[in-house]
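Listed here are the chains, written in short residue letters.
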Amino acid sequence: MWSNGRSEAALEEALPAPVQIRRIRNARRLRLRFDESSGTFKLTCPWRTSRRAALAWAVEQRPWIEAQLASAQPRILLRPGTIIPIEGADTLVVWLEAAPRAPTLCDGQLRCGGPTEGVERRVASYLRKLARDVMSNEAADYAAKAGVVVKSVSVGDAATRWGSCSSAGHIRLNWRLILAPPEVRRYVVAHEVAHLRHFDHGPQFKAFEQQLFGPGLTSAKANLRRLGPGLRRLGRS
């Protein structure tokens, strides 16, 4: 069904959106996933699959691709007048001529002064700093409870991961977690701290993660899956 004779270029032109192909040695079938944060499609396929064959298969999935694009919500920019979630609470971004350049959070508003062309950058910087400060404190609390040492906590914006940790005790978390309700954010922090005791996802890790986080773990996981795509769209032009 893939031998349609079209070139790779022609197949790419037949697709309504970019498709990134990744061959995996132990993959048994082709799998297509839509990454709403970047507007691209990720195609994983068995190691010996040719690029042309993978593209031809993707073209056959065009109705599904078009449906995903049609249902994708628009990006949310950090501009004045935009409502964004901060710790799960709707917050209005407000520009005030007399306000300080550095954003301040007050009464459901994130107020920012200074040149209007720099508001988005300053709001993004504020959210990153808030995320780092809040999650650093939470990681320290969980580490004390777990009996482990967290050497550092940094924030980034990984496209597919909410957090990661190294055996040396360095934890990196997605700054967008500060937008989520506190229990969702704390779940990811606890998850990464738990990895400092168990570096896999086996039964011992799961039991320790549950003990560390406490009640509501299943709900927090489900809410992260539900809210995640929306959080990844925020602040992307």
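Residues numbered from 1 in each chain as written. Predicted model: local features only at pLDDT ≥ 70, side-chain atom pairs only at ≥ 80, totals over all residues. Heavy atoms only, no water.

K.L.:
What should I look at first to understand the sheet that holds strand E1 (residues 19–24) in this one?
P.N.:
Picture the strands of a sheet paired through backbone hydrogen bonds; they go either parallel or antiparallel. Read from one edge to the other, the open sheet built from 3 strands follows the order E1-E3-E2, with strand pairing classed as mixed. Across the chains shown, the open sheet's two edge strands, defined by having one partner strand only, are E1 and strand E2 (31–35). With direction set aside, neighbouring strand axes in the sheet form an average angle of 25°. Direction of pairing for E1 relative to strand E3 (residues 40–46): parallel, over a ladder of 6 bridges. Bridged to Ile-21 within E3 is Leu-43. On the sheet, helix H2 (residues 51–60) packs against E1, E2 and E3 and is oriented at approximately 125° with respect to E3. Strands E2 and E3 of the sheet are contacted by helix H3 (residues 62–71), whose axis makes an angle of about 15° with E2. (Pairing = 2+ DSSP bridges. Helix = DSSP H or I, 4+ residues; strand = E, 2+ residues; numbered from the N terminus. Axes fitted to C-alpha atoms, helices over the stretch in contact; angles between N-to-C directions. Contact = heavy atoms within 4.5 Å.)

K.L.:
Sorry, what's going on with the state of the cysteines here?
P.N.:
One covalent bond between the sulfur atoms of two cysteine residues makes up a disulfide. In total, this model carries 0 disulfides according to the counting rule given. In this model Cys-106 remains outside any disulfide bridge; the closest cysteine sulfur is found in Cys-112, 14 Å from its own. Of the residues examined, Cys-106 reaches a relative accessible area of 30% and is grouped as partly exposed. (Disulfide = S-S within 2.5 Å. Buried < 20%, exposed > 50% of the residue type's maximum accessible area, 1.4 Å probe, protein only.)

K.L.:
Help me understand the environment of Ser-154 in this model?
P.N.:
Here Ser-154 lies in strand E8 (residues 152–156). Classification of Ser-154 as partly exposed rests on a relative accessible area of 27%. Between the C-alpha atoms of Ser-154 and Ser-164, which are 10 residues apart in sequence, the distance is 10 Å. Once residues within four sequence positions are removed from consideration, Ser-154 is found in contact with Ile-171, Arg-172 and Leu-173.

Spatial relationships are all this shows, so hold off on functional conclusions.
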